[in-house]
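Take a look at the letters that make up each chain.
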Amino acid sequence: QVQLVESGGGLVQVGGSLRLSCAASGRTFSIYNMGWFRQAPGKEREYVAGIRRGDGSTYYADSVKGRFTISRDNAKDTVYLQMNSLKPEDAAVYYCAASTGTGTPRYVAYNYWGQGTQVTVSS
């Protein structure tokens, strides 16, 4: 089993920045991909960004490309999501997820999920 704990959410003004963290524990050696997803009220959960734990390859949703950066620190079993130039439409609960699958982070099935962290963007 893998446990994921997100942190770093909060309230930020439009145009501001936040950095989310996701700390993994347990059988972290089994993780191949990690990703960030988000879900706004009344909307389906959507993919935001993913990273291959091994070579660090990153994959972004078009809506965040150029503004968000996903990174990892394997020594700390932690993945980060740096969010810049935040927009009102970025407000959502952000979830960290881990996958033991070997496909690309955008399309692989995720086995483990964190509890989520709220990001609120005020105008």
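Residues numbered from 1 in each chain as written. Predicted model: local features only at pLDDT ≥ 70, side-chain atom pairs only at ≥ 80, totals over all residues. Heavy atoms only, no water.

Novice: Honestly, the overall build of the chain in this entry has me stumped. Any pointers?
Specialist: Counting its secondary structure elements, the chain contains zero helices and eleven strands. From first element to last, N terminus to C terminus, the chain shows the α and β order β-β-β-β-β-β-β-β-β-β-β. Each principal axis of the C-alpha distribution contributes one length, and for the chain these read about 40 × 30 × 25 Å. Within the span of the chain, comprising 123 residues, buried residues form 46% of the whole. Of the contacts made within the chain by residues no fewer than 6 positions apart, 56% connect residues no fewer than 24 positions apart. By element, 46% of the accessible surface of the chain is carried by carbon and sulfur atoms, the whole surface being about 6100 Å². Across the chain, the mean location of the 13 positive side-chain charges is 3 Å away from that of the 9 negative side-chain charges. (Helix = DSSP H or I, 4+ residues; strand = E, 2+ residues; numbered from the N terminus. Buried < 20%, exposed > 50% of the residue type's maximum accessible area, 1.4 Å probe, protein only. Contact = heavy atoms within 4.5 Å. Areas by Shrake-Rupley, 256 points an atom, 1.4 Å probe, with all protein chains shown as cover. Lys, Arg positive; Asp, Glu negative; His and termini not counted. Charge placed at Lys NZ, Arg CZ, Asp CG, Glu CD.)

Novice: What is the right way to look at the state of the cysteines in this model?
Specialist: Two cysteines joined by a covalent bond between their sulfur atoms form a disulfide. Taken as a whole and assessed by the stated rule, the structure comprises one disulfide. Here cysteine 22 connects covalently by a disulfide to cysteine 96, the sulfurs 2.0 Å from one another. Taking the torsion about the S-S bond as the criterion, the cysteine 22 to cysteine 96 disulfide, at about -75°, is left-handed. Pair noted here: cysteine 22 is in strand β3 (residues 18-26) and cysteine 96 is in strand β9 (residues 92-99), with a separation of 74 residues, a long-range link. In this structure, cysteine 22 and cysteine 96 share a single accessibility class: buried. (Disulfide = S-S within 2.5 Å.)

None of this, on its own, says anything about what the molecule does.
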